[in-house]
Structure formats: C-alpha cells, structure tokens
Amino acid sequence: RLKRFKSCLKPFWNGGESRLNKRTSKVTAKDQARTKESDFHMDVLTLLQSKKRCLHRLLDNSTAFLALAEKGDFTSLAEFEARRDAVIKALGMFDRKITEAVQALPLAERSPTLIDGVRSTLDEENSLVKSILMADNLIMGRIAQEQERLIVEINTTEKSKTIANRFKSAWVPESGE
C-alpha cells in the first residue's frame, strides 16, 4: 500500500524518505522568504500537475477494474480498493500542500499568468473528476448487478436444498430405512 502511495509522490521524491519528509513538512520560514515569482509559480503549478497525474492514475485504475467487472471478474476488487485508497490519500496530501503553497504565496506574486495556469489545470482536473465519477457509477452498478445475481443464486440453492430435504424426509419412511 505504501508503495502505491509513494508512486503518486515520485515528482517530490528524489532518492529517499528524508527528501520525501522534507518536501511534505509544513511551510518553513525559508519557504516563506522566497521572493522569486517563478519559484512560487513552480510550487503551485507543480503540485497541481502532480495532483492531476494522481487523478489520471485513479481514472486508469477505475477503468481497468471496470473492464474486468464487465467480464464478471471481481477477483481484483480488494486490490482495486487498496490502490484507490492509496491514490485518495495522496490526493489529500496534494490538497494540503497546495493550500500551504497558496497561503505562502504573497499577493504580489499572484500574477495573471499563474492564475491562468491554475484555472487551466483546475478545469482539466474537474474533467478528470467527472470521468472518474462516471466510471465509479458504472462500477457500482456492475457490483449491484453481481450482488443481485448472487442473491438469486443463493436463493435457488436454498430452495433446492429445501426440496431435497423434503424428498428425503418423505422417502425415508416409505422405504423403511
């Protein structure tokens, strides 16, 4: 599970836990002291791009599982849920880091270029989220169908057992055994 979570963090991870922990810690005074506009743009836009990559991963995971579910193969449901949980945790981390980066961004550094880049990325993310929701609705529908099929199968099996037991109980006295 941790490996899947770290795969979404690869853009921020260059060779070890110390780098990962350093990048995901709270905004430091040094971070707040930066004055280059490009540094602030890079942080916000880089985080947004990384979040978008995680959304793509989530969509790919959902569509891959949906393809299996359409064939009636639900054996990878637990793996699908584990991957999904890891990506959702990474998305939460990115949301926190984006919030911190925006809060650390001085008002003077919030240029039209940055705002346009953020809007563009957010529009793409919204489109991805809509696609993910559509795939998830299809997955939930397919799971509901499978549940109904299993309930019918179980009820049929129980009826068969009941009929067999009645037949056996009537057969035993007649046969004298």
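Everything quoted here is computed from the prediction, not taken from an experiment.

Colleague: In this structure, what is going on with the overall build of the protein? I would like to understand it.
Modeller: Scanning the protein from N- to C-terminus turns up 6 helices and 0 strands. Ordering the α and β elements of the protein from the N terminus gives α-α-α-α-α-α. Counting every atom, the protein has about 11800 Å² of accessible surface; 57% of that belongs to carbon and sulfur.

Colleague: Teacher, can you tell me more about the pattern of salt bridges here?
Modeller: Opposite charge on two side chains permits pairing when their charged atoms draw close. Tallied over the entire structure, the rule returns 8 salt bridges. Between Lys51 and Asp95 there is a salt bridge, and its shortest N-O distance comes to 2.6 Å. Here Lys51 is found in helix H4 (residues 37-70), whereas its partner Asp95 is found in helix H5 (residues 77-104), with 44 residues between them in sequence. A salt bridge links Glu125 to Lys51, with the shortest nitrogen-to-oxygen separation between them at 3.7 Å. Here Glu125, found in helix H6 (residues 112-175), pairs with Lys51, found in helix H4; they are 74 residues apart in sequence, far enough to count as distant. This pair shows no difference in class: Glu125 is buried, exactly as Lys51 is. Put simply, Lys51, Asp95 and Glu125 are held in one network by salt bridges that share partners.

Colleague: I'm lost on the packing of aromatic side chains in this one. Help?
Modeller: Within a pair of aromatic rings, the relevant descriptors are the distance that separates the centres and the angle that separates the planes. On inspection of all chains with the given rule, the structure shows 2 aromatic pairs. Ring centres of Phe65 and Phe74 lie 6.2 Å apart, and the angle between their planes is 65°; on these two criteria the pair is classed as edge-to-face. According to the relative accessible area criterion, Phe65 is buried, its value standing at 2%. Overall, Phe74 belongs to the buried group, its relative accessible area being 18%. Residues Phe65 and Phe80 carry aromatic rings whose centres are separated by 4.6 Å and whose planes lie at 10° to one another, so their mutual orientation is stacked. In this pair, Phe65 sits in helix H4 while Phe80 sits in helix H5, placing the two residues 15 residues apart along the sequence. Each of the two residues, Phe65 as well as Phe80, counts as buried.

Colleague: Whenever I open this one, the confidence of the model for the protein confuses me. Can you help?
Modeller: Do not read the fine detail of predicted coordinates wherever pLDDT is low. The share of residues in the protein with pLDDT of 70 or more is 70%, and the mean pLDDT across the chain is 78. At the low end of the mean pLDDT range in the protein sits helix H2 (residues 17-24), at 45; at the high end sits H5, at 91. Ignoring residues within four places in sequence, the model shows residues 34-38, a span with pLDDT below 50, making 8 contacts including any to other chains.

Colleague: Would you mind showing me how to read the nonpolar core here?
Modeller: Considering soluble globular proteins, one finds that nonpolar side chains tend to be buried as a cluster. The biggest cluster of nonpolar side chains holds 19 residues, and the ones touching the most others in it are Val44, Cys54, Leu91 and Phe94. Judged by nonpolar contacts, the second largest core, of 6 residues, contains Ala69, Phe74, Phe80 and Ile139.

Parameters at a glance
- Residues numbered from 1 in each chain as written.
- Predicted model: local features only at pLDDT ≥ 70, side-chain atom pairs only at ≥ 80, totals over all residues.
- Heavy atoms only, no water.
- Helix = DSSP H or I, 4+ residues; strand = E, 2+ residues; numbered from the N terminus.
- Areas by Shrake-Rupley, 256 points an atom, 1.4 Å probe, with all protein chains shown as cover.
- Salt bridge = Lys/Arg side-chain N within 4 Å of Asp/Glu carboxyl O.
- Buried < 20%, exposed > 50% of the residue type's maximum accessible area, 1.4 Å probe, protein only.
- Phe/Tyr/Trp six-rings, centres within 6.5 Å; stacked < 30°, edge-to-face > 60°.
- pLDDT = per-residue confidence, 0-100.
- Contact = heavy atoms within 4.5 Å.
- Core = buried A, V, L, I, M, F, W, Y, C linked by side-chain atoms within 4.5 Å.

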